[in-house]
Amino acid sequence: MIQEESDRQERFLRKAAQKMAAETARFLADLREREDYRPEFEPFLEYLADASASAAARRGARPLLKLLCVQAPLELIHAAGFHPFRVFSGSLAASALAAGNLPALTCPLLRAVLGELLLDASPSAAWILPTTCDWVVKFPEMLRLAGVGERPEIEWLELPRLKGRADGRERWLTEVWRLKEYLEKLAGRKIERKALRESIGAYARAAAVRQKLRQARIEGRLPPIWFMLVMSAFFLDEVSGWTAAAERLPPVLTKTREIAAARVFLAGSPIVFPNFKLPLLLEEAGLTAVADDLCSSERIFPGTSVIGDESLFGLVSALAGSYHQGCLCPVFADNERRINNIFNQRREAAFQGVVFGVLKGCHPYDLESFALEGPLKAQGLKFLRLETDYTQEDRQNLLTRLEAYRGTIGGSG
Ligand code: SF4
């Protein structure tokens, strides 16, 4: 009986793994068929062909440290000798795998993550979890409920939700310094000032090429979907590997393409490979997402920190500051930075509207979408909120709404 049960479970997992592989292969094949495909995108398609933790571990020489959200300074993890690997998933097949034992309205992204962990329990030294949204805070419970065998060591980072308060900033610095000490214990060695400076340099180089790609997107030399795909692969290799592949792009992105005149800003819940339903529908509706504030795309890592004091403490403080103050996550109580960022980007990217995608169950972004609508409209921006999940069932309905929205923006498609 027990043998029968485990055979049935094994068949179930194997079938889900086949579905996931087919989902990915189909999307990659479609991408290679696109008119705007270029061979320089190939390294990123190869990364995404196997976005699992075990594949990332094979690609690099450093042991993985798993993350969900990006408030833990990547440079610090890197300076301790680890590969910060963000566990993210846009797989419908994986999401279905974990659904049975979870609340119906669970964050689709985390449900897919749990499904992937059921299929790829490659061990990691530990998980670093900032206390962002309620689903993330309940992640260890969700691991148990979903039957994920791995019982990882979890290092929590208590994320102060008031960025504007001095004591909040001090508490976050204490948390980040404590993370440094934890990483040193895990690595069995001290994080030297020189090593941290070099890691900051490695991520600054990645931020510099991201900026060039961002500019190419705004100017119509890089289609939004390829920008988002390149960024999606950011954690799938060591930062130096991703940066080297990304730096081969700007020199070839010379030709300005005819892009739809209806330019929009894409905001909201993360969009993770292979769930690119919304970016593809935007294209189909004749809308060009010339910029975004997604933590899975433009904001997948904060970028350069302002360093005044070159001491080890000075470097750690600068990192703590940029990862806390620079974060736009809607879990913060005082988050004016998000709307200000949209207005700043509008001056640069000249978009006429904001499309805000919300994953069903993603309460922080759901609330944020209601809070932003009025102030954005008051500044003349057309606003559209779309609630969706990983299935294709609402595809036609979303497309109809996007086409109607494009009509309000004017500009020919
Ligand atoms: S913020 Fe939203 S998308 Fe991110 S983990 Fe929480 S519920 Fe999921």
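Heads up: the structure comes first, above all this text.
Summarised in this report is the structure supplied together with it. (Residues numbered from 1 in each chain as written. Predicted model: local features only at pLDDT ≥ 70, side-chain atom pairs only at ≥ 80, totals over all residues. Heavy atoms only, no water.)

**Concerning the overall build of the chain**
Heads up, the condition is: Runs of H or I in DSSP of at least four residues are treated as helices and runs of E of at least two as strands, each being numbered from the N terminus. Here the globule rule is a power law, 2.2 Å times the number of residues to the power 0.38, and the radius of gyration is based on C-alpha atoms. Exposure categories follow from relative accessible area, calculated using a 1.4 Å probe and restricted to protein chains: below 20% of the type maximum is buried, above 50% is exposed, and the middle band is partly exposed. For this analysis, residues touch if any pair of their heavy atoms sits within 4.5 Å.
Looking only at helices and strands, the chain has 17 helices and eight strands in total. Its C-alpha atoms give the chain a radius of gyration of 21 Å, within 12% of the compact-globule value 22 Å for 413 residues. The buried share of the chain, reckoned over its 413 residues, is 57%. Partitioning the intrachain contacts of the chain with sequence separation of at least 6 by distance along the chain shows that 76% fall at a separation of at least 24.

**Structural notes on the sheet that holds strand S1 (residues 64-67)**
Applicable threshold: DSSP calls a pair of strands paired once it identifies at least 2 bridges connecting them. Lines fitted to C-alpha atoms define the axes, with helix axes restricted to the stretch in contact, and inter-axis angles between N-to-C directions lie between 0 and 180 degrees.
With parallel pairing, four strands are arranged side by side in an open sheet as S2-S1-S3-S4. Each edge of the sheet is formed by a strand with only one pairing partner; in this case those strands are strand S2 (83-86) and strand S4 (154-157). In this sheet, adjacent strand axes meet at a mean angle of 30° when their direction is disregarded.

**Overview of the packing of aromatic side chains**
The criterion, for reference: Aromatic rings from Phe, Tyr and Trp, taking only the six-membered ring of Trp, are treated as a pair when their centres fall within 6.5 Å; an angle between ring planes under 30 degrees marks them as stacked, one over 60 as edge-to-face, and anything in between as tilted. Two thresholds decide whether a charge sits over a ring: the Lys NZ or Arg CZ must be within 6 Å of the ring centre and within 35 degrees of the ring normal.
Inspection of the entire model under this criterion finds 16 aromatic pairs. Geometrically, the ring pair formed by Phe27 and Phe276 is tilted, given 5.7 Å between the ring centres and 50° between the ring planes. Of this pair, Phe27 sits in helix H1 (residues 2-33) while Phe276 sits in the loop between strand S5 (262-268) and helix H13 (277-284), and the two are 249 residues apart along the sequence. Exposure remark for Phe276: the relative accessible area of 1% places this residue in the buried category. Considering the side-chain rings of Phe41 and Trp226, the 4.1 Å spacing of their centres and the 5° angle between planes classify their relative orientation as stacked. You can see Phe41 sitting in the loop between H1 and helix H2 (42-49) and its partner Trp226 sitting in helix H11 (residues 224-232), a full 185 residues away along the chain. By the burial criterion, Phe41 is buried, and Trp226 matches it. Among the aromatic residues, those joined into a ring-pair cluster are Tyr203, Phe234, Phe235, Trp242 and Phe301. Seen from the ring of Phe88, Arg86 lies directly overhead, with NZ or CZ sitting 3.8 Å from the centre. When the ring centre of Trp177 is taken as reference, the NZ or CZ atom of Lys180 above it lies at 4.5 Å.

**Remarks on the site of the ligand**
The condition that has to hold: What makes a residue near a molecule or strand is one non-hydrogen atom of that residue sitting within 4 Å of it. Basically, the charged four are Asp, Glu, Lys and Arg, the nonpolar ten are Ala, Val, Leu, Ile, Met, Phe, Trp, Tyr, Cys and Pro, and anything else, Gly included, counts as polar.
In the neighbourhood of the ligand, the contacting residues comprise Cys107, Cys133, Trp135, Val136, Pro270 and Cys362. Looking at the shell around the ligand residue by residue, the class counts come to six nonpolar, no polar and no charged.

**A closer look at empty space enclosed by the protein**
What counts, and what does not: Using only the protein atoms, space was sampled on a 1 Å grid; points where a 1.4 Å probe fits but cannot get out form cavities, open sets with protein on both sides within 12 Å along at least five of seven lines form pockets, and lining residues are those with an atom within 4 Å of a point. Grid points are joined across faces, edges and corners, and a volume is the space filled by probe spheres set on the points.
Taken as a whole and judged by the stated rule, the model has three cavities of 30 Å³ or more. Estimated volume of the largest cavity: approximately 430 Å³. Lining the largest cavity are 31 residues, and of these Cys69, Arg86, Cys295, Cys329 and Tyr365 sit closest to its centre. Secondary-structure elements contributing two or more residues to the lining of the largest cavity are helix H6 (108-119), helix H7 (134-137) and helix H16 (363-378). Classifying every residue of the lining of the largest cavity by side-chain character gives 23 nonpolar, four polar and four charged. The space that makes up the second largest cavity amounts to roughly 100 Å³. Lining the second largest cavity are Ser269, Pro270, Ile271, Asn275, Lys277, Leu278, Gly357, Val358, Leu359, Thr388 and Asp389. For the lining of the second largest cavity, the secondary-structure elements that each account for two or more residues are H13 and strand S7 (353-359). The greatest single-element share of the lining of the second largest cavity, amounting to three residues, is contributed by S7. Of the residues in the lining of the second largest cavity, the class split is five nonpolar, four polar and two charged.

**Concerning the nonpolar core**
The test is simple: We call a set of buried Ala, Val, Leu, Ile, Met, Phe, Trp, Tyr and Cys residues a nonpolar core when their side-chain atoms join them within 4.5 Å.
Membership of the largest hydrophobic core comes to 142 residues, with the highest contact counts inside it found for Leu68, Phe139, Phe234, Trp242 and Leu402. By residue number, the principal contributor to this core is helix H10 (residues 193-218), which donates nine residues. Apart from the residues lying within four places of it in its own chain, the contact partners of Phe234 are Leu74, Tyr203, Ala206, Val239, Trp242, Ile300 and Phe301.

**Some words on unusual backbone geometry**
Trans is the common state for peptide bonds, and a negative phi is the common state for residues other than glycine. With an omega of 0°, the peptide bond between Phe273 and Pro274 qualifies as cis. Take Pro274: it is sitting in the loop between S5 and H13.

**Section: H6**
The test is simple: The length a helix should cover is 1.5 Å for every residue beyond the first.
With 12 residues, H6 ought to run about 16 Å at 1.5 Å a step, and its terminal C-alpha atoms sit 17 Å apart, in line with that. Judged by how many residues are buried, H6 sits mostly within the fold: 11 of 12 residues are covered. Buried within H6 are the following residues: Pro108, Leu109, Leu110, Arg111, Ala112, Val113, Leu114, Gly115, Glu116, Leu117 and Leu118.

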